[in-house]
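# Survey of secondary and tertiary structure
Each chain is listed here by its residues.
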Amino acid sequence: EEHIVRYLTKIAQPQFPEYTEKDKSYYDKDLCLIPEDVIGFIKDTQPRKYETLAIQYGAAVDIKIIERVSDEVRKRKTLDVFRGKVIDRGQTLDLVYFKPTHTKTPEHQEAYLKNRLTIIRQLKYSKKNENSIDIVLFLNGLPVVTLELKNSLTGQYLHHAIKQYIEDRDPREPLLEFKRCLVHFAVSTEKVSMCTELKGKSTYFLPFNKALVNHDDSDYATSYLWKDILRKDSLLDLIQNYINLQVNKEKFYDNQTKNLKEKVKPVLIFPRFHQRRAVQNLLEAVRKDGVGNKYLIQHSAGSGKSNTISWLAHRLSDFYQHPDDE
């Protein structure tokens, strides 16, 4: 835990840290966010909108904005609020600025740099008990990632982290309800698994490993998670371009009516490591070699080929080989 936090707050970018560590007291359990970060981000990036709301709300402007944002996240959930914005008293508020695909809009790049990534250790998220989550990551005040960590040196392994999510994490808690946090990582010193929906004993974790056996000569075998996936550019890229809500339709037999019926089930899709790696490698190949070349991607059965193809097509649609050129 200490190792991951130190890397993200001090080592990854020593001069301009990507993450700020904050005490758990900054988290508001009722509103399920960090009020200071939400207001700070809006004031930094949209001062005129904040000033307009301050004229209307007066001294209560901060709490009114916070309550509005919290209510919108509760109703629409995190991903939709990030992508669809929040309207308050006629002001359209952005809760995140994604990285521009080219350099012709310097004001967008400036806003992107003002995104606030915060890390809280041992977050006590519940008003009903003293349970705490090892690490929670926030983007501009909104929780987006949780991590439960286990160290083999103390006799704890990946299955212990998964068991903790399944048995000790109530999905009815505001922080843990479906579509609030975008992904939950179970992390050991050897392996990583992830899921996007906690639902008690029905919770299903998928492997999120770099290889059949993860390895790093100079760090924990699972260091790719914090050295790559959780870095600022990667996390914001995932939220902008990869994570999506997919609606699946399933047919089932109704014993009462004796007929087939259709059930609609929303699923929050988060790319597995090999899917994101395939897309990123192909984008880098296009950046380096240009278009028209042929590549072979090895994808085993049931490993998400369709989504990999879809993500690649989506990313290529606004991809600049030379983003700095006119």
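Our subject is the structure that appears above.
We now turn to the structure provided with this report. (Residues numbered from 1 in each chain as written. Predicted model: local features only at pLDDT ≥ 70, side-chain atom pairs only at ≥ 80, totals over all residues. Heavy atoms only, no water.)

A tally of helices and strands in the protein chain yields 11 helices and 11 strands. The C-alpha radius of gyration of the protein chain comes to 21 Å, within 12% of the 20 Å expected for a compact globule of 326 residues. Evaluated residue by residue, the protein chain yields a buried proportion of 47% over its 326 residues. Long-range pairs, those at least 24 residues apart, make up 62% of the contacts in the protein chain between residues at least 6 apart in sequence. Charge separation in the protein chain, taken as the distance between the mean sites of 52 positive and 45 negative side-chain charges, equals 5 Å. (Helix = DSSP H or I, 4+ residues; strand = E, 2+ residues; numbered from the N terminus. Rg over C-alpha atoms; globule rule 2.2 N^0.38 Å. Buried < 20%, exposed > 50% of the residue type's maximum accessible area, 1.4 Å probe, protein only. Contact = heavy atoms within 4.5 Å. Lys, Arg positive; Asp, Glu negative; His and termini not counted. Charge placed at Lys NZ, Arg CZ, Asp CG, Glu CD.)

Relative to the 16 Å expected for 12 residues at 1.5 Å per residue, helix H11 (residues 305-316) spans 17 Å between its end C-alpha atoms, a close match to the ideal helical length. What H11 keeps buried is the set Thr308, Trp311, Leu312 and Arg315. Along the long axis of H11, the arc covered by the buried residues comes to 100°, so they all point the same way. Away from the buried face of H11 by more than 90 degrees, exposed residues Ser306 and Ile309 are located. (Expected span 1.5 Å × (residues − 1). Arc of directions from axis to C-beta.)

Of note, Asp88 is situated in strand S2 (residues 86-88). The class for Asp88 is buried, based on a relative accessible area of 4%. A C-alpha to C-alpha distance of 32 Å links Asp88 and Phe16, two positions 72 residues apart in sequence. A distance of 2.7 Å separates a polar atom in the side chain of Asp88 from a polar atom in the side chain of Tyr57. (Polar contact = N/O pair within 3.5 Å; in protein donor to acceptor, adjacent residues only side chain to side chain.)

Here we take up the pairing of strand S8 (residues 192-195). Residues Val192 and Met194 line one face of S8 and the alternating positions Ser193 and Cys195 line the opposite face, and both faces are buried. Where strand S7 (residues 183-188) and S8 come together, four bridges link them in antiparallel fashion. Bridge pairing in S8 places Val187 opposite Val192. Pairing between S8 and strand S9 (residues 206-207): two bridges, direction antiparallel. Among the inter-strand pairings, Met194 is bridged to a residue of S9, identified as Leu206. (Pairing = 2+ DSSP bridges.)

With the rule as written, the count across this model stands at zero disulfides. There is no disulfide at Cys32, and the cysteine sulfur nearest it, in Cys181, is 6.8 Å away. Left without a disulfide partner, Cys195 is nearest to the cysteine sulfur of Cys181, which lies 11 Å away. (Disulfide = S-S within 2.5 Å.)

Where a strand is regular, its side chains alternate between the two sheet faces. Judged by how many residues are buried, strand S6 (residues 142-150) sits mostly within the fold: nine of nine residues are covered. Here strand S5 (residues 132-139) runs beside S6; their pairing, made up of five bridges, is antiparallel. Bridge pairing links Leu137 to Val145 in S6. Pairing of S6 with S7 involves six bridges; the strand directions are parallel. Its bridge partner being in S7, Leu147 is matched across the sheet by Phe185. In terms of handedness, the path from S6 via helix H7 (residues 158-168) over to S7 forms a crossover that is right-handed. (Right-handed = clockwise from strand over helix to strand, strands pointing away.)

Looking now at the pattern of salt bridges. Under the defined criterion, the tally for this structure stands at 30 salt bridges. With its nearest N and O atoms 3.3 Å apart, the salt bridge here joins Asp71 to Lys75. Here the residue Asp71 and the residue Lys75 both occupy positions in helix H4 (residues 61-76), the gap between them amounting to four residues, near one helical turn. For Lys75, the salt bridge identified is with Glu72, shortest N-O distance 3.6 Å. Pair noted here: Lys75 and Glu72 are both in helix H4, with a separation of three residues, about one helical turn. (Salt bridge = Lys/Arg side-chain N within 4 Å of Asp/Glu carboxyl O.)

This part covers the packing of helix H10 (residues 273-289) against H11. At a minimum axis separation of 9 Å, H10 and H11 run at an interaxial angle of 35°. When you trace H10 past H11, the crossing you get is right-handed. Mapping the contact onto sequence places Gln275, Ala278, Val279, Leu282, Leu283 and Val286 in H10 and Asn307, Thr308, Trp311, Leu312, Arg315 and Leu316 in H11. Taken together, the residues of the contact of H10 with H11 break down into eight nonpolar, three polar and one charged. (Axes fitted to C-alpha atoms, helices over the stretch in contact; angles between N-to-C directions. Left-handed = near helix turned anticlockwise from the far one by under 90°. Nonpolar A, V, L, I, M, F, W, Y, C, P; charged D, E, K, R; others polar.)

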